[in-house]
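# Secondary and tertiary structure notes
Read off the chains here:
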Amino acid sequence: MKKTIVPLGPFHPLLEEAEYFKLIVEGEKVVDIDMRVGYMHRGIEELSTQKTWDQSTFVVERICGICSTSHPMAYVLAVEDLCGCEVPDRAKYIRSIICELERIHSHLLWVGLAGHFIGYDTVFMWGWKYREPVLDICEKLTGNRNHYAMMKPGGVRRDLNNDDFAWVHKEMDKVIKSTEMLVGAVLDDPVLHARTKGIGVLSKKDAIGYGTLGPTVRASGIPDDIRTDDPYNAYDRVDWKVITWEGGDVFAKAAVRLLEIIESAKIVKQCMDDMPDGPIDANIKNMPPGEGIGHAEAPRGEVFHYVRGDGGNSAVRHKVRAPSFMNIPSFKATCVGHTISDVALITAAVDPCYCCTERMAVVERATDKLVMSGRELEECSRKATENLKKEYGSPTKVEKTVQKILSDF
Amino acid sequence: MSLTRWALKKSPWVYHVALSPCNNCDIEILDLLTPRFDVERFGIKLVGSPRHADALLVSGSVNRHVLPRFIELYKQTAKPCVVFGIGSCALSMTMFRDSYNTVGPLDKVVKEIDPNAIIAYVPGCPPKPEAMILGVVKALQTL
Ligand code: SF4
């Protein structure tokens with residue numbers, strides 16, 4: 001059959017961010033998928049090196065509006081790793097509360113959008129209606145609906161008022177109740193079953209092979225979660241469990257997210273009950289030279305930050321890896337063979353976040369043209385590695401050369 | 001007041017354009033449609049094509065890659081139209097001012113394409129949905 005290219009984007013009613021998909025179709029079946037990114041690139045990593053350590057928390061917050069706590073969280077963990085400071089207990093609990101609130105509203109947002117993608121706007125309205133009370137809680141606790149600016153290297157920027165907790169408890173109970181309703185309504189709906197079961201299956205092998213993260217990998221039955229694998233904040237002090245689901249299809253991903261909302265609500269409630277008193281900031285005085293890494297579990301998976309400092313007032317290198325960067329390539333495994341209408345849903349199922357992902361682009365100043373996207377750069381680096389291998393022969397030879405260079409120092 | 005401008009005032013249909021924002025303004029724009037704010041009761045509707053739109057809701061500090069697409073998109077929009085810069089990024093580029101990849105702010109870009117463009121701003125990072133509704137209403141009143 002003749003192959004046709006169906007372009008999707010960069011501005012498309014289905015996509016709230018600008019990105020461009022090239023669907024190669026035979027009839028209605030998608031046989032290949034390609035994408036162009038870079039519409040969201042703002043040069044965050046470079047910007048971060050222009051700012052001081054403290055200012056950078058605000059920059060990384062604006063990597064993405066939905067993971068607006070996960071990025072600063074990973075960043076401050078990296079900075080704390082670099083300077084080796086211990087965060088006070090109260091700050092740890094406050095951080096957990098904010099991170100989990102973010103997870104709740106992000107997952108509700110996804111459930112709504114997924115409903116919208118399959119043309120089931122009732123779910124869209126429900127999901128977003130029940131998301132509003134969560135944003136109210138965020139506004140009450142932090143002062144803003146999104147972009148909370150709570151994280152700070154060494155602690156948190158402002159304290160929570162213990163008197164608010166009674167009200168938050170009440171609101172959380174409402175959130176749990178409405179989520180349970182949503183779980184029942186979504187997971188028992190025959191229409192949704194028909195549209196999501198067996199669609200976009202990501203097998204266990206592929207999930208591991210592509211290195212997918214977060215709910216995407218947990219929906220393939222693999223309990224991978226940074227909150228338990230390398231506990232930070234107060235996650236190892238409260239009682240909760242990692243949600244997994246077998247199947248790897250869109251339905252499993254929806255189920256994982258919906259059930260995670262309830263777990264997160266449980267964490268928030270426990271953190272408020274166990275909230276210790278004390279200082280909220282470790283007051284970091286000076287930054288030693290060195291490297292630090294930090295990773296945190298964002299709603300979409302593990303976000304990873306790396307910083308290197310030379311003892312000065314700002315980072316000399318800051319590297320960010322967002323979860324969508326690992327999840328998006330799995331489209332190759334999940335989309336091919338499905339119809340166009342399903343592909344929109346499958347791509348949405350990993351909850352891709354392009355603002356997070358677009359870390360790298362090469363732009364020619366004179367013509368304002370993008371000459372190299374992230375993917376091409378990746379290819380460049382691969383080629384360079386291959387060339388090096390050719391030049392040095394077998395890997396052992398490379399190792400020997402490295403050792404020689406090191407011994408010369 | 002010309003007839004076309006008068007016609008703009010009632011039930012504006014809006015098209016959402018993301019020009020390298022952080023996503024948050026976009027989410028808040030979508031939030032306008034949902035039960036709590038429900039702007040559709042005022043006749044404000046999010047449409048799928050710029051050709052149907054009376055107003056563009058633009059978020060983000062314009063970057064190099066997205067600029068040519070935006071120029072094309074602006075030319076496709078039926079005139080007269082109102083361009084709303086949603087969020088501080090569109091207004092002043094905030095912290096992205098120093099970035100190597102941004103060419104904004106929005107008004108500079110739009111004025112270059114069309115010197116007579118009508119531009120309105122809603123500041124905030126992100127602006128609350130209430131603020132966006134107020135901004136749209138105020139801008140339409142001044143038409
Ligand atoms: S104004 Fe703020 S919330 Fe809006 S796109 Fe810019 S950084 Fe994001």
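Right above here is the structure, for reference.
Residues numbered from 1 in each chain as written. Chains lettered and ligands numbered in written order. Predicted model: local features only at pLDDT ≥ 70, side-chain atom pairs only at ≥ 80, totals over all residues. Heavy atoms only, no water.

This part takes up the overall build of chain A. A tally of regular secondary structure across chain A gives 17 helices and 10 strands. Counting over 409 residues, chain A shows a buried share of 56%. Residue pairs in contact within chain A that sit at least 24 positions apart in sequence constitute 68% of those at least 6 positions apart. Surface exposure of chain A reaches about 16700 Å², of which carbon and sulfur atoms provide 54%. (Helix = DSSP H or I, 4+ residues; strand = E, 2+ residues; numbered from the N terminus. Buried < 20%, exposed > 50% of the residue type's maximum accessible area, 1.4 Å probe, protein only. Contact = heavy atoms within 4.5 Å. Areas by Shrake-Rupley, 256 points an atom, 1.4 Å probe, with all protein chains shown as cover.)

Residues and elements named next belong to chain A. In a regular helix each residue adds 1.5 Å, so 14 residues correspond to 20 Å; helix α3 (residues 70-83) covers 20 Å between its end C-alpha atoms and thus fits that length. Here α3 lies mainly inside the structure; 13 of its 14 residues are buried. Immediately beyond the C-terminal end of α3, within one or two residues, lies G84, with a positive phi of roughly 65 degrees. (Expected span 1.5 Å × (residues − 1).)

Listed by partner, the interface residues are 40 residues for chain B and 48 residues for chain A. Our enumeration of links across chain B and chain A arrives at 7 salt bridges. Between B:K128 and A:E139 there is a salt bridge, with the nearest N and O atoms lying 2.8 Å from each other. At the surface where chain B touches chain A, the tally comes to 14 residue pairs in polar contact (both at pLDDT 80 or more). Counting residues per element, the ones that place at least two in the side of chain B that touches chain A are β1 (13-18), α2 (24-31) and α3 (67-76) of chain B. If you tally residues by element for the side of chain B that touches chain A, the top one is α2(B), at 6 residues. Residues belonging to the side of chain B that touches chain A are distributed by class as follows: 20 nonpolar, 12 polar and 8 charged. (Salt bridge = Lys/Arg side-chain N within 4 Å of Asp/Glu carboxyl O. Polar contact = N/O pair within 3.5 Å; in protein donor to acceptor, adjacent residues only side chain to side chain. Nonpolar A, V, L, I, M, F, W, Y, C, P; charged D, E, K, R; others polar.)

What follows covers the packing of aromatic side chains. Summed over the entire model, instances satisfying the criterion amount to 5 aromatic pairs over all chains. With a centroid separation of 6.2 Å and an interplanar angle of 65 degrees, the aromatic rings of A:Y235 and A:W240 are classed as edge-to-face. Given a relative accessible area of 12%, A:W240 falls into the buried group. Aromatic pair B:F70 and B:Y74: ring centres 6.3 Å apart, planes at 50 degrees, arrangement tilted. Of this pair, B:F70 and B:Y74 are both found in helix α3, 4 residues apart, which corresponds to roughly one turn of the helix. Considered together, B:F70 and B:Y74 belong to a single accessibility category, that of buried residues. Here the aromatic cluster, defined as three or more aromatic residues joined through ring pairs, consists of A:Y232, A:Y235 and A:W240. Lying across the ring of A:W167, A:K140 places its NZ or CZ 5.3 Å from the centre. Taking NZ or CZ as reference, A:R257 lies 4.4 Å from the ring centre of A:W110, over its face. (Phe/Tyr/Trp six-rings, centres within 6.5 Å; stacked < 30°, edge-to-face > 60°. Lys NZ or Arg CZ within 6 Å of the ring centre and 35° of its normal.)

This part covers empty space enclosed by the protein. All names here are of chain A. According to the stated counting rule, one finds 4 cavities of 30 Å³ or more in the structure shown. In this structure, the largest cavity encloses a volume near 270 Å³. As for the largest cavity, its lining consists of 22 residues, of which E16, F117, A348, P352 and Y354 are closest to the centre. Those elements that place two or more of their residues in the lining of the largest cavity are α4 (89-117) and α14 (340-349). The greatest single-element share of the lining of the largest cavity, amounting to 4 residues, is contributed by α4. (1 Å grid on protein atoms, 1.4 Å probe; cavity = no way out; pocket = protein on both sides within 12 Å on 5 of 7 lines; lining within 4 Å. Points joined across faces, edges and corners; volume = space filled by probe spheres on them.)

This paragraph deals with the environment of A:D34. Residue and element names in this part refer to chain A. Within the secondary structure, D34 sits in strand β3 (residues 29-36). Classification of D34 by relative accessible area gives partly exposed; the value is 22%. With 314 residues separating them in the primary sequence, D34 and A348 have C-alpha atoms 15 Å apart.

This part is about the side chain of A:H147. You can see A:H147 is positioned in the loop between α5 (121-142) and β4 (151-152). Setting aside its immediate chain neighbours within four residues, A:H147 contacts A:E61, A:R62, A:C64, A:G65, A:S68, B:C22, B:N24, B:C125 and B:P126.

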